[in-house]
Amino acid sequence: MYIILVYDVKQQRVGRMLKLCRRYLHWIQNSVFEGEISEVKLAELLSKARALLDEEEDSVILFKSRTQQWLEKQVLGRERSRLDNIL
Amino acid sequence: MKKTFYLFNPGRMSRQDNTLKYTAYDEDGADGQTRFLPIEDVADLYVFGSLDANSALYNFLGKHGVSVHFFDYYEHYTGSFMAKEYLLAGKLQVAQTGHYTSPKKRLVLARKLVEGAAFNLLKNLRYYQSRGRQVGEEIAQIELYVAVLPHATSVAEIMGYEGNIRQTYYRCYEQLVSVPGFGFGTRSTQPPQNELNALLSFGNMLCYAACLSQIYHTQLNPTISFLHEPGTRRFSLALDLAEIFKPLLVDRTIFRLLNKKEIQPRDFVRELDGCLLKETGRKTFVRVFEERLKETIQHRRLNRAVSYQHLIKLECYKLTKHLLSIEEFQPFKAWW
């Protein structure tokens, strides 16, 4: 499964949220991540995120796609981070 | 599916926030861009450039079962950092050793491995024959070698046939590449003498590492092999398995790269009486090789799409079944 995850959390929790997402997905710009992830790993990530969130104030939004193929991505301006696996 | 990451630029990999941080160095050695690699998405690391790292990183990688394969400047595989074995199976270990120590049982497996390799490489030749290349003579010759395989009485003899088959196969190599400027001559290594040899060395090495990575995810012990002599220097079971997959993964990648002119003479550098791939060439090769590993075929028995990478693992499973006398090992033969 290919997902795009965006979050909007209160400043004091931003750091922790960022660190958590970095372990599972590729950072593409502030508070936006994308990447291939399995059902199980996603459930793991979401349960950790849930523990971190204040559900009154914060939100995490997921966009799911079956594979990367079905996702058309367009970038205007500077691409902050490339996702390829040849460094 | 977890991804393999290939590191070409010099840089520093470190553990930060329970994930991987990679800082590339620029030409002056100053820190360049940093990138975080999600640890949950890393299958293994292939290190071609110089990499700074400390034990904290390796501890961390070990915990997550990520192995790191190293290659030197001359494109040789130099070794691996393997995470602690996590699939231990004493019973299989004993069976695997048993199959090695019994000359009769070992012979069976060695023969099957060479049979598989020969079949797949004939497949390549026949494909090009149908496209009008003159390789009929070589095909007939290889078929002769294959026909005498069942009568071989020792593993050394089988290795000999394997050598002959490869030699005959490499004779066609020049013919299969329709681009002028790529001569082959004979197979040469350490260092490779020309462009085709350099590509072969580089490709074979990637293939060994790919096989090793897959073996790691099964219960097999990578040091006990059947065709090659086990134990010393290398993870030799990976060499055994690679025999079967080299024609499909390496050779076909090379033919594609050259025939589509994705790699050209300018991607090589001649130095010290040898010929090596430049970084641009290596990157192209790795990219295409990676695509190939991810490519899927419809598997007949499993009745679903299976990537080449997974095929290697399936081969390990078949080997396991053979060792435990559940089902006889049949090498993978390309059926399309």
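Computed from a predicted model, the values in this text were never measured in an experiment.

(A) Spotlight on the interface of chain A and chain B. Counting residues at the interface gives 17 residues for chain A, matched by 24 residues for chain B. With both chains or domains summed, chain A and chain B bury close to 1800 Å², and 53% of this area falls on carbon and sulfur atoms. A salt bridge links A:Arg22 to B:Asp17; the shortest N-O distance between them is 3.0 Å. One can count eight residue pairs in polar contact (both at pLDDT 80 or more) joining chain A with chain B. Contributing elements (two or more residues each) for the side of chain A that touches chain B: α1 (11-24) and α2 (39-52) of chain A. If you tally residues by element for the side of chain A that touches chain B, the top one is α1(A), at four residues. Along the lines of polarity and charge, the residues of the side of chain A that touches chain B split into five nonpolar, three polar and nine charged.

(B) Molecular detail of the nonpolar core. All names here are of chain B. Among the nonpolar cores identified, the biggest contains 86 residues, and Phe48, Leu206, Leu249, Ile254 and Phe285 are the most heavily contacted of them. Other than its neighbours up to four places away in sequence, Ile254 contacts Tyr173, Leu196, Leu199, Leu200 and Phe285. Core analysis: the second largest hydrophobic core is formed by 18 residues, Leu20, Leu37, Leu51 and Leu57 among them.

(C) Geometry of the environment of B:His69. Residues and elements named next belong to chain B. With respect to the helices, strands and loops of the structure, His69 is situated in strand β7 (residues 67-71). A sequence separation of eleven residues divides His69 from Ser80, and the C-alpha atoms of the two residues are 4.3 Å apart. If near-sequence neighbours (up to four positions away) are discounted, His69 is found in contact with Asp44, Leu45, Tyr46, Val47, Tyr77, Gly79, Ser80, Ala209, Leu212 and Ser213.

(D) Representation of the UniProt feature "binding site: Mn(2+)" (unreviewed entry) in chain B in the model. Residues and elements named next belong to chain B. Per the UniProt entry, the sites bearing "binding site: Mn(2+)" (unreviewed entry) are Glu162, His228 and Glu243 in this numbering. Look at the named residues: they lie 82 residues apart in sequence, but the longest C-alpha span between them is just 10.9 Å, so in the fold they bunch up. Here His228 shows up in the loop between α6 (195-216) and α7 (236-259). On the accessibility criterion, His228 (14% relative accessible area) is buried. Setting aside its immediate chain neighbours within four residues, His228 contacts Arg106, Met159, Ser236, Leu239, Asp240 and Glu243. Within the fold, Glu243 resides in helix α7. What Glu243 contacts, discounting residues up to four positions off in sequence, is Ala117, Glu162, Arg166, Leu227 and His228.

(E) Broad picture of the packing of helix α8 (residues 279-294) of chain B against helix α9 (residues 308-323) of chain B. Residues and elements named next belong to chain B. Packing of α8 against α9 leaves a shortest axis separation of 5 Å and a crossing angle of 60°. As far as their axial angle goes, α9 and α8 are oblique. Contact residues: Arg292, Leu293 and Lys294 in α8; Tyr308, Gln309 and Ile312 in α9. Its residues assigned to classes, the contact of α8 with α9 shows three nonpolar, one polar and two charged.

(F) Quick look at a negative patch on the surface. On the surface, a cluster of negative charge is contributed by B:Asp26, B:Glu27, B:Asp28 and B:Asp31. Looking at where B:Asp26 falls in the secondary structure, it is placed in the loop between β3 (19-25) and β4 (31-37).

(G) Summary view of the pairing of β4(B). All names here are of chain B. Note that β3 and β4 share five bridges and pair antiparallel. Directly across from Leu20, in β4, lies its bridge partner Leu37. The loop that links β3 with its antiparallel partner β4 comprises five residues; one of these, Gly29, has a positive phi angle of about 85°.

(H) Representation of the packing of helix α4 (residues 136-148) of chain B against helix α5 (residues 155-176) of chain B within the structure. Residue and element names in this part refer to chain B. Viewed as axis vectors pointing N to C, α4 and α5 meet at an angle of 170°, and their least axial separation amounts to 9 Å. As judged from the angle between their axes, α4 and α5 are roughly antiparallel. Along its contact with α4, which presents Glu138, Gln141, Ile142, Tyr145, Val146 and Val148, the element α5 presents Tyr161, Asn164, Ile165, Thr168, Tyr169, Arg171 and Cys172. Taken together, the residues of the contact of α4 with α5 break down into eight nonpolar, three polar and two charged.

(I) Representation of the sheet that holds strand β1 (residues 3-7) of chain B. Residue and element names in this part refer to chain B. The mixed open sheet is built from four strands, whose spatial order is β1-β5-β7-β8. Because the sheet does not close on itself, it has two edges, and the strands there are β1 and β8 (77-81). Averaged over all pairs of adjacent strands, the angle between their axes in this sheet comes to 20°, without regard to strand direction. Inspection of the sheet shows β1 paired to strand β5 (residues 42-47) by five bridges, in the parallel sense. In the sheet register, Lys3 faces β5, and the bridge partner there is Val42.

(J) Structural context of the pattern of salt bridges. All chains considered together, the criterion is met by 20 salt bridges over all chains. The shortest N-O distance in the salt bridge between A:Lys73 and A:Glu34 comes to 3.1 Å. Of this pair, A:Lys73 sits in the segment after β4 (59-65) while A:Glu34 sits in strand β3 (residues 32-36), and the two are 39 residues apart along the sequence. Under the relative-accessibility criterion, A:Glu34 is labelled buried at 2%. Across the salt bridge formed by B:Glu295 and B:Arg292, the nearest N and O atoms sit 3.5 Å from each other.

(K) Inspection of the packing of aromatic side chains at higher detail. Residues and elements named next belong to chain B. Following the criterion strictly, the structure yields 14 aromatic pairs over all chains and no others. Taken together, a centroid distance of 4.8 Å and an interplanar angle of 10° make the contact between Phe8 and Phe48 stacked. On the criterion of sequence distance, the pair formed by Phe8 in the loop between β1 and β2 (11-16) and Phe48 in the loop between β5 and β6 (51-52) is long-range, its members being 40 residues apart. When its relative accessible area of 4% is taken as the criterion, Phe8 is described as buried. Overall, the relative accessible area of 7% leaves Phe48 in the buried class. When the centroid spacing of 6.5 Å and the interplanar angle of 40° are considered together, the rings of Tyr145 and Tyr161 count as tilted. Separated by 16 residues along the polypeptide, Tyr145 in helix α4 and Tyr161 in helix α5 bring together distant segments of the chain.

Criteria and thresholds
- Residues numbered from 1 in each chain as written.
- Chains lettered and ligands numbered in written order.
- Predicted model: local features only at pLDDT ≥ 70, side-chain atom pairs only at ≥ 80, totals over all residues.
- Heavy atoms only, no water.
- Contact = heavy atoms within 4.5 Å.
- Buried area = accessible area lost by both parts, 1.4 Å probe.
- Salt bridge = Lys/Arg side-chain N within 4 Å of Asp/Glu carboxyl O.
- Polar contact = N/O pair within 3.5 Å; in protein donor to acceptor, adjacent residues only side chain to side chain.
- Helix = DSSP H or I, 4+ residues; strand = E, 2+ residues; numbered from the N terminus.
- Nonpolar A, V, L, I, M, F, W, Y, C, P; charged D, E, K, R; others polar.
- Core = buried A, V, L, I, M, F, W, Y, C linked by side-chain atoms within 4.5 Å.
- Buried < 20%, exposed > 50% of the residue type's maximum accessible area, 1.4 Å probe, protein only.
- UniProt positions renumbered as here; feature names shortened; annotations may be inferred.
- Axes fitted to C-alpha atoms, helices over the stretch in contact; angles between N-to-C directions.
- Parallel < 35°, antiparallel > 145°, perpendicular 65-115°, else oblique.
- Patch = residues over 30% accessible without salt bridge, like charges linked within 9 Å, V, L, I, M, F, W, Y side chains within 5 Å.
- Areas by Shrake-Rupley, 256 points an atom, 1.4 Å probe, with all protein chains shown as cover.
- Lys, Arg positive; Asp, Glu negative; His and termini not counted.
- Charge placed at Lys NZ, Arg CZ, Asp CG, Glu CD.
- Pairing = 2+ DSSP bridges.
- Phe/Tyr/Trp six-rings, centres within 6.5 Å; stacked < 30°, edge-to-face > 60°.

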